[in-house]
2 protein chains.
Amino acid sequence: MFAKTTSTKTVTVRYPTKTTTTTTTTTSYKKKMKFGVLGTGGIAGKVLTVGIRRSGNVVLAVGSRNQASADAFAGKFAIERAYGSYQGVLDDPEIEAVYIALPSGLHKEWAIKAAKAKKHILCEKPVAPYTVDVIEIIDACKENGVVFLDGTFFKHHPRNKLIREMVVNGDLGAVTSVFSQFSCDFEPAKASDSIRHQPAMERTGVLGDMGWYTVRFGLHVYGYELPERVIGTIVRRYPETGAATHFIGQLHFSGNRVAIFDSSFGQMDTQITHISGTKAILALDDTFVPWKGLIDMKNPSAFVGPEQDTFKISKQAGVWETKVVEMGGVVEEVMMINDLVACVEGSKNWKEWAEESITIHKVLDALWESAEKGSLPVSLQ
Amino acid sequence: MFAKTTSTKTVTVRYPTKTTTTTTTTTSYKKKMKFGVLGTGGIAGKVLTVGIRRSGNVVLAVGSRNQASADAFAGKFAIERAYGSYQGVLDDPEIEAVYIALPSGLHKEWAIKAAKAKKHILCEKPVAPYTVDVIEIIDACKENGVVFLDGTFFKHHPRNKLIREMVVNGDLGAVTSVFSQFSCDFEPAKASDSIRHQPAMERTGVLGDMGWYTVRFGLHVYGYELPERVIGTIVRRYPETGAATHFIGQLHFSGNRVAIFDSSFGQMDTQITHISGTKAILALDDTFVPWKGLIDMKNPSAFVGPEQDTFKISKQAGVWETKVVEMGGVVEEVMMINDLVACVEGSKNWKEWAEESITIHKVLDALWESAEKGSLPVSLQ
């Protein structure tokens with residue numbers, strides 16, 4: 001049943017595939033938007049440096065719990081205005097959008113305040129500890145006429161959009177299984193070194209952090225269909241706090257289809273996924289943060305985005321083709337900001353994407369419930 | 001946390017690693033053993049052609065349910081003696097060992113009869129529908145002073161022995177997760193075309209067939225430690241018979257370690273495994289039937305075994321090293337027969353390996369029980 005030889009060839013795929021457009025980087029919006037950042041953690045620095053500024057927009061202000069922290073961050077990243085409170089950013093009439101980079105336990109309060117202040121919102125994930133809170137945030141955005149986008153940058157990568165198109169088009173045959181693993185080697189000496197290891201700040205630990213990506217990749221492949229049932233298991237907890245640091249699970253979709261995931265804070269960095277269909281297997285080993293799109297945070301101004309990202313596909317056992325997606329020097333974080341601005345300008349519809357944010361939180365809630373019940377299956381429908 | 005560049009280099013590993021020996025193919029036994037084969041299916045042809053004969057031993061007889069089938073098989077493979085019953089092989093005083101290539105539902109009867117007839121046994125897997133039957137077979141072999149080996153050829157591949165050594169030596173750090181997928185595109189038009197799709201012949205369907213490999217690979221990595229608990233799920237059943245055709249599961253070992261597996265008769269051929277440790281990730285995409293060791297059954301006499309097989313290891317995200325294992329032109333099926341003969345001659349101990357056969361059956365029984373209970377976790381300890 002297997003092929004006798006092993007070979008590899010390279011095929012270039014330009015995205016989008018249905019037009020003659022050869023670049024994904026055209027921005028259709030007209031004006032620079034002015035962003036404020038809530039929070040001064042590592043992720044804040046990365047997204048604002050790579051995403052907001054490189055997309056041609058402006059980081060006008062930062063807000064922190066205290067003035068010293070805000071000043072330090074503003075100095076490091078050359079930001080004009082530093083507020084010693086999050087409210088300071090919301091009170092600034094020139095700010096049009098906020099990037100909420102706080103622990104998820106604080107998102108609901110500040111997202112709803114931002115919506116009421118008529119600021120558009122890019123919110124780090126998980127959006128909130130429970131689905132009901134996410135719905136409340138999104139409802140507040142709708143009521144106040146502002147855009148809401150969760151910060152899942154891989155969703156905006158043309159490679160992943162192309163992969164979804166290939167699934168829909170049947171290029172892999174019928175897809176029956178998705179495996180996704182995202183792990184890193186991150187074991188702090190004490191919990192106070194990491195909000196990830198403090199359940200009061202990040203309720204589901206690694207599930208909401210690395211697991212967010214692996215669960216969402218399965219949902220992405222299956223078009224954000226709600227699974228019929230899930231099984232979740234906490235493999236390991238951080239001894240000091242009980243935070244989940246290794247979580248595995250299964251999502252069971254209609255028609256005998258599954259997604260399996262594995263995420264840990266205690267494994268060598270890996271981000272491997274396989275999509276298995278009746279006609280082909282599709283594989284990635286840099287699914288979420290493509291190796292070619294990595295930025296050196298010590299010298300971000302020297303960064304040039306990738307010209308290409310790749311993935312692999314096998315239609316005959318042992319024979320892999322490398323597919324190339326043109327990136328035009330743009331990273332997925334920039335594409336995410338471009339999409340946010342397109343939503344503000346009305347050329348894209350954020351409300352469909354907000355439904356995806358709600359769906360993943362429903363799945364995460366069910367996975368956590370399953371884990372707390374000793375891995376009993378939990379129905380979602 | 002991730003590397004910025006992607007690169008690959010190749011390193012040659014000679015196995016065994018602890019000596020200066022550069023070949024794995026030396027056979028230490030002195031005489032040719034005479035084998036009889038019970039059954040005339042496809043697997044019988046493959047193992048006898050590749051394994052028994054190329055290891056320097058003799059296929060003297062074949063037994064089938066009827067004379068016509070035995071004659072046809074004997075003619076095709078140039079076998080001297082054709083018996084119209086399985087008993088005929090056991091009654092032949094010149095036969096020293098039998099290869100039992102029947103559906104697993106028939107193994108117990110014929111393995112115990114073979115043991116009583118003082119024939120050494122190589123038995124296809126699963127060995128029997130239930131663990132108690134496997135124990136009975138192995139006890140019969142011990143009582144009658146004959147060797148018993150299940151036909152898990154990948155166990156005898158030096159690559160997999162080396163991988164286990166690397167795990168024990170800590171080359172990957174602490175191993176916390178093993179993922180293994182083995183699938184093929186095999187959906188018969190009707191159940192009568194395939195014993196695999198008839199629960200009366202193969203009770204657990206794909207679990208005992210493709211799942212045997214994936215479950216056993218996890219056990220192999222963890223040194224055949226019995227998991228504390230397992231969760232099994234039948235994802236799909238064959239409509240005509242209800243046979244399991246897609247099965248996924250989890251094995252939970254002591255110390256927060258897991259093995260995850262996925263096996264299907266309805267996916268493009270794939271045999272992907274990842275071993276994830278705190279220091280490195282090890283990957284294979286031809287774990288069980290190495291691409292380089294595949295034989296063209298239409299022209300088996302032209303076959304030359306591989307000089308090398310490979311695997312990959314990553315100690316830095318995005319950077320993979322290809323490791324090469326010298327094979328000396330010998331395939332894993334031949335190594336399995338060599339190991340069987342070494343057991344007969346007393347230079348290797350089959351009883352340790354028989355414990356591994358019992359362990360995997362305990363795990364398969366528990367996985368099936370879990371699946372039948374709607375994926376409830378089943379404890380093994």
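Predicted, not measured: the structure shown is a model, and the values here were computed from it. (Residues numbered from 1 in each chain as written. Chains lettered and ligands numbered in written order. Predicted model: local features only at pLDDT ≥ 70, side-chain atom pairs only at ≥ 80, totals over all residues. Heavy atoms only, no water.)

### A closer look at the side chain of A:Glu356
Going by this rule: Only DSSP runs of H or I reaching four residues or more are called helices, and only runs of E reaching two or more are called strands; each is numbered from the N terminus. Two N or O atoms form a polar contact when they lie within 3.5 Å of each other; inside protein one atom must be a possible hydrogen donor and the other a possible acceptor, and for residues adjacent in sequence the pair counts only when both atoms belong to side chains.
With respect to the helices and strands, A:Glu356 occurs in helix α9 (residues 350-372). One polar contact links A:Glu356 to A:Lys155, side chain to side chain, over a distance of 2.8 Å.

### Observations concerning the relation of the copies chain A and chain B
What counts is decided by this rule: The copies were overlaid with a least-squares fit restricted to C-alpha atoms from residues scoring a pLDDT of at least 70 in each copy. We call two residues in contact when some of their heavy atoms are within 4.5 Å.
For the pair chain A and chain B, the superposition axis carries a translation of 0.0 Å, the fit reaches an RMSD of 0.0 Å, and the rotation angle comes to 180°. Look at the turn and shift together and you get a two-fold axis relating the two. When each C-alpha of chain A is compared by its distance to the rotation axis, A:Leu376 comes out closest, at 3.0 Å. Both copies present the same face, since 100% of the interface residues in chain A are matched by interface residues at the equivalent positions in chain B.

### Looking at the sheet that holds strand β3 (residues 58-63) of chain A
Residue and element names in this part refer to chain A. Stated formally: Following DSSP output, two strands are said to pair if at least two bridges run between them. Axis definition: a line fitted to C-alpha atoms, over the contacting stretch in the case of helices. Angles run 0 to 180 degrees between N-to-C directions.
Strand order in the open sheet formed by six strands is β4-β3-β2-β5-β6-β7, with parallel pairing between adjacent strands. On the outer flanks of this sheet lie β4 (81-83) and β7 (148-150), each paired with one strand and no other. Sheet twist, expressed as the mean angle between neighbouring strand axes with direction ignored, is 20°. Where strand β2 (residues 34-38) meets β3, five bridges bridge the pair, whose relative direction is parallel. Paired with Lys34 across the bridge in β3 is Val58.

### Observations regarding the interface of chain A and chain B
Defined as follows: Buried area counts how much accessible surface, traced with a 1.4 Å probe, disappears from two parts once they are put together, with both parts' losses summed. Residues are grouped as follows: Ala, Val, Leu, Ile, Met, Phe, Trp, Tyr, Cys and Pro are nonpolar; Asp, Glu, Lys and Arg are charged; every other residue, Gly included, is polar.
Taken together, the contact pairs 59 residues of chain A with 59 residues of chain B. For the pair chain A and chain B, the summed buried surface comes to about 4500 Å²; carbon and sulfur atoms form 64% of the total. Inspection of the region where chain A meets chain B yields 13 residue pairs in polar contact (both at pLDDT 80 or more). Elements supplying a minimum of two residues to the side of chain A that touches chain B: β8 (175-185), β9 (229-237), β10 (244-253), β11 (257-264), β12 (266-277) and β14 (308-316) of chain A. Looking at which element gives the most residues to the side of chain A that touches chain B, the answer is β12(A), with ten residues. Across the side of chain A that touches chain B, the residue classes break down as 25 nonpolar, 23 polar and eleven charged.

### Some remarks on the sheet that holds strand β4 (residues 81-83) of chain B
All names here are of chain B. Pairing is parallel across the open sheet formed by six strands, whose spatial order is β4-β3-β2-β5-β6-β7. Either end of the sheet is taken by a strand with one partner, and the two such strands are β4 and β7 (148-150). Across this sheet, the average inter-strand angle for adjacent strands is 20°, counted without regard to direction. Direction of pairing for strand β2 (residues 34-38) relative to strand β5 (residues 97-100): parallel, over a ladder of four bridges. Its bridge partner lying in β5, Val37 is registered against Tyr99.

### As for the pattern of salt bridges
The condition is simple: Here, a salt bridge means any side-chain nitrogen of Lys or Arg that lies within 4 Å of a carboxyl oxygen of Asp or Glu. Per-residue accessibility, obtained with a 1.4 Å probe over protein chains only, is compared with the maximum for each type, and a residue is labelled buried under 20%, exposed over 50%, and partly exposed between these values.
All told, the structure shown has 42 salt bridges over all chains when counted by the stated rule. For B:Glu124, the salt bridge goes to B:Lys125, with nearest N and O atoms at 3.2 Å. Across the pair, exposure class does not vary: B:Glu124 and B:Lys125 are buried alike. In this structure, a network of salt bridges that share partners links the residues A:Glu80, A:Arg81, A:Asp92 and A:Glu94.

### Looking at the UniProt feature "domain: GFO/IDH/MocA-like oxidoreductase" (unreviewed entry) in chain A
Our working definition: UniProt positions are given in the numbering used here, feature names are shortened, and annotations may be inferred rather than shown by experiment.
Per the UniProt record, "domain: GFO/IDH/MocA-like oxidoreductase" (unreviewed entry) is annotated on residues 163-282 of chain A. Taken end to end, residues 163-282 of chain A is 16% helix and 43% strand, and its two terminal C-alpha atoms sit 9 Å from one another.

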